[in-house]
Amino acid sequence: MSALAAILPRGYLSATRAFVLLAAVSLLFADLAVTTMDPFGELRRMFAGLAAPDFAAIAGWSVVSTLAFAVVGVTLGAGAGFLLAIVFARSRTVRIACALVRSVHELFWALLLMQVFGLSAITGVLAIALPYAGICAKVYSEMIEEADLSALVALPKATSTVSAFFYARLPDLAVRMKTYTLYRLECAMRSTLVLGFIGLPTMGFYLESAFRQGRYAEAGALLLVFYVLIGSRRLWARARTLPLLFAAAILALPSMGGSGDVSSNLLRFGRAIMPAPLRNGDWLSLETWSRFGAWLRSIVTEQILPGALETLVLSQLALVATGAGALALLPLVSRRFTGRLGQPLGRILLVVVRSTPEYVLAYVLLQLFGPSMLPAIIALSIHNAGIIGYLMGRHVDGLAYRPDAPRGVNLYAYEVVPRAYGQFLAYLLYRWEIILRESAIFGILGVATLGFHVDAAISELRLDVAVVLILATGCMAIAVDALSRALRKSLRIERLPVRLSTASIDRA
Amino acid sequence: MRRIVIAFAALLALCGQAFSQAAFVFTAIPDQDESRLVERFTKVAEYLQGKLGVSVKYLPVKSYPAAVTAFTNGDVQLAWFGGFTGVQARKANPGAQALAQGAEDAAFKTYFIANAATGLEKTADFPKEAAGKTFTFGARSSTSGRVMPEHFIRQAFPGKTPEQVFSRVGFSGDHSRTIQLVQSGAFEVGAVDYSVWDLDVKAGKVDAAKVKIIWESPPFPDYQWTVRGDVDETYGAGFTGRLKAALIEVTDRAILDPFGRSKFIPVDNAAYAPVEEVGKATGLLD
């Protein structure tokens, strides 16, 4: 720390200190008890199964529907996002709507959409397309703002807006948008795993059952196939193959369920999400509104406040652990440290680390440590450290070094980390919001995050409560996003690339 | 833009396709090992198809609320619900009826089970020494895995919630998993459906040296077949009656054994009033 203090800019250091301090305070509130008694019987079965994957057990169609949901979801989401991006900078309403839409976890979208569209392909597609539209709108609009304007300036005065857009702006943006959109496909494949939780027949459906029921050989095979899909994305997902993929995906989407009547479902859903006191009471009577106040107050004090605190404690600890993990993983993927031979191995390791779903990690860790916040923190940190470590490795390889640069530990401690620290903070701040969002799905560990309460409300069929909780989660994500952006700005690292796709462009 | 239009058209076409199917679809709460559910309900689907003369399909779902939602939305017309999910479903669908339950379901039980390392022994009264241990329910809206155990816990410790009685409370998701988590010691104590425990013991999945029963609960009504109120309109007058008769007439052991039931007997909505009362008392129902 003292060596770093001498080298790093003051702002970076105080930001780091603040986060570590916050995590230390969180530690006081966190519940990290280790309570298992005999984890090794189950763990031995687990690793024996994972080591001998049973490919014959894979339901082949689940691989197809995983791809189909991802491709259709991303295409619709990116399409809508592109249209929204045009007005994004000008309309505050659009910005807020996009922020809300993207702050809701895909799992919650799926649960809500299921109320209206049943267990159908539309539910799955929209659960991906809606949040992705929000994300793409924001990212595309940032790209539009950052784009090179020299071509636009050279246009004759009478050029129409439409021509100007297509001839002077789009060509500059097209490559970046393409790279980003194709990267979203990887994210979408990860998202489809969560759709399995509600019963859509993606690989997540079978992975979750296989883990739950101890069929670890099948789980191992599913995970391996999934790693190959993610690792080979650049080979099959290209701008040229996309129309073909899309057409095939539409045909391949599973047709199932959804036989109910959408309009009557919509009516029922509208009634169900109306707060219970208002649903049954007279809107003109004062008593209805006082009952509504009491209803809201009990949700805020019994669920939102404790849930938000638990979620914050979890995500602060996970954030700092992610940072430490990413710095530790960095040398594994950088050619500077591993050489040409070691680097591909490091990359494979990181593909595995970042595409293993958090719930799988959490389940393994639950066996090891027993139920507490610990499995959730470790699962979140491993997953996100994998993503940031990978990005940092690429970034570090892109830097220019002196011919007589030091090697090994000296290079790492005195050159690489100080030079890349700003970039590191930028990535970490960007993941902050995402870690917060993901912490929602750890209800099974008995960690009472906001997601735990949403799960409870949905089990009790209290959609009105669920919607209030989801909105609260959304507001929290928006607040964290705003805070992280303000921090990035004050640290002057906002211009550094924070996304996988933009990072890879430099080296593509 | 054209892609989007095509996509929506294709999606609408998919919906249209779904509308035109007049198959009779049923689901079940996913309370245990999925392979066992598929085996069990595929046989039921074949049997009902033969008896009713319509195409019958089983739609597997992943969670208890998903089963209730599918029933409410009309994705399925019939469901094998637990006591509590059945109450939830009939409350959301006026006109829906409980048709038949297993003979064992009239007096169902919960087992409290504990990891051997806790040193807890089987008792006739509620095992109050379990207080302070880690505890897992099954699914959140499971009757024998959550609603009734919570009721018994609250009875034994008046004025306290399960969270105040135990050092930690988790929701494993289903009964097979509760057994597995208590056996591995991830949780010290758990509440489990007695019929799933018996099936898992028979299947050799339970290690008697590591996990054992410490308490048997008093009886309560549980699982039942519930049908939507509008099936006579869709499948012809008298359909509900024929369905009920078909369920009660099941004698084939190959269908009944995977259920752990000896036969199905007629039942009505009123039989589940005790479960509804408990649901209201624990704050799980309005």
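Residues numbered from 1 in each chain as written. Chains lettered and ligands numbered in written order. Predicted model: local features only at pLDDT ≥ 70, side-chain atom pairs only at ≥ 80, totals over all residues. Heavy atoms only, no water.

The name that an unreviewed UniProt entry assigns to chain A is ABC transporter permease, with the source organism given as Hansschlegelia quercus. The Subcellular location (unreviewed entry) comment attached to chain A in UniProt states, word for word, "Cell membrane". (UniProt positions renumbered as here; feature names shortened; annotations may be inferred.)

Turning next to the domain arrangement of chain A. Residue and element names in this part refer to chain A. When its domains are assigned, chain A resolves into domain 1 (1-30 + 303-508) and domain 2 (55-273). Once you take the C-alpha centre of each, domain 1 and domain 2 turn out to be 23 Å apart. Listed as interface residues are 39 residues of domain 1 and, on the opposing side, 39 residues of domain 2. A buried area of about 3,500 Å², summed over both sides, lies between domain 1 and domain 2, and 68% of it is on carbon and sulfur atoms. Counting every contact that joins domain 1 to domain 2 gives one salt bridge. For the salt bridge of Arg354 with Glu186, the shortest nitrogen-to-oxygen distance reads 2.9 Å. Those elements that provide at least two residues to the side of domain 1 that touches domain 2 are α17 (335-355), α18 (358-369), α19 (373-398), α20 (408-438), α21 (450-459), α22 (463-490) and α23 (500-505). Each residue belonging to the side of domain 1 that touches domain 2 can be placed in one class, and the counts come to 21 nonpolar, eight polar and 10 charged. (Domains from an automatic or database assignment. Contact = heavy atoms within 4.5 Å. Buried area = accessible area lost by both parts, 1.4 Å probe. Salt bridge = Lys/Arg side-chain N within 4 Å of Asp/Glu carboxyl O. Helix = DSSP H or I, 4+ residues; strand = E, 2+ residues; numbered from the N terminus. Nonpolar A, V, L, I, M, F, W, Y, C, P; charged D, E, K, R; others polar.)

The next thing to look at is the sheet that holds strand β10 (residues 224-227) of chain B. Residues and elements named next belong to chain B. As summarised here, the arrangement of the six strands in space is β2-β1-β3-β10-β4-β11, forming an open sheet in which the pairing is mixed. With one partner strand each, in any of the chains shown, β2 (56-58) and β11 (264-266) form the two edges of the open sheet. Across this sheet, the average inter-strand angle for adjacent strands is 25 degrees, counted without regard to direction. Sheet analysis places strand β3 (residues 78-81) next to β10, joined by four bridges and oriented antiparallel. The residue bridging Leu78 from the neighbouring strand is Val227, located in β10. Packed on one face of the sheet, helix α2 (residues 34-52) meets β1 (24-28), β2, β3 and β10 and runs near 170 degrees to β2. (Pairing = 2+ DSSP bridges. Axes fitted to C-alpha atoms, helices over the stretch in contact; angles between N-to-C directions.)

This part takes up the pattern of salt bridges. Counted according to the given criterion, the structure contains 25 salt bridges over all chains. Between Lys51 of chain B and Glu249 of chain B there is a salt bridge, with its nearest N and O atoms 3.1 Å apart. With Lys51 of chain B in helix α2 and Glu249 of chain B in the loop between α10 (239-248) and α11 (253-256), this pair connects stretches of sequence that are 198 residues apart. A relative accessible area of 42% places Lys51 of chain B in the partly exposed class. Note that Asp257 of chain B is salt-bridged to Arg253 of chain B, the shortest N-O span being 2.7 Å. With relative accessibility at 43%, the residue Asp257 of chain B sits in the partly exposed group. Here the salt bridges do not stand alone but share partners, grouping Glu186, Arg190, Arg233 and Arg354 of chain A into one network. (Buried < 20%, exposed > 50% of the residue type's maximum accessible area, 1.4 Å probe, protein only.)

Right, let's get into the domain arrangement of chain B. Residues and elements named next belong to chain B. In terms of domains, chain B is made up of domain 1 (2-106 + 222-281) and domain 2 (109-216). Here domain 1 and domain 2 have C-alpha centroids that lie 28 Å from each other. Contacts between the two partners involve 23 residues from domain 1 and, on the opposite side, 20 residues from domain 2. With both sides pooled, the region where domain 1 packs onto domain 2 buries about 1,500 Å², and carbon together with sulfur makes up 55% of that total. The three residues of domain 1 that bury the most area against domain 2 are Arg36, Tyr64 and Val278, which together make up 34% of that side's buried surface. Across the contact surface, domain 1 and domain 2 share zero salt bridges. Between domain 1 and domain 2 we count five residue pairs in polar contact (both at pLDDT 80 or more) in total. Of all elements in the fold, only α2, α3 (64-73), α4 (83-92) and α12 (273-281) reach the threshold of two or more residues within the side of domain 1 that touches domain 2. Take the side of domain 1 that touches domain 2: its biggest share by element is four residues, from α4. When its residues are assigned to classes, the side of domain 1 that touches domain 2 shows eight nonpolar, seven polar and eight charged. (Polar contact = N/O pair within 3.5 Å; in protein donor to acceptor, adjacent residues only side chain to side chain.)

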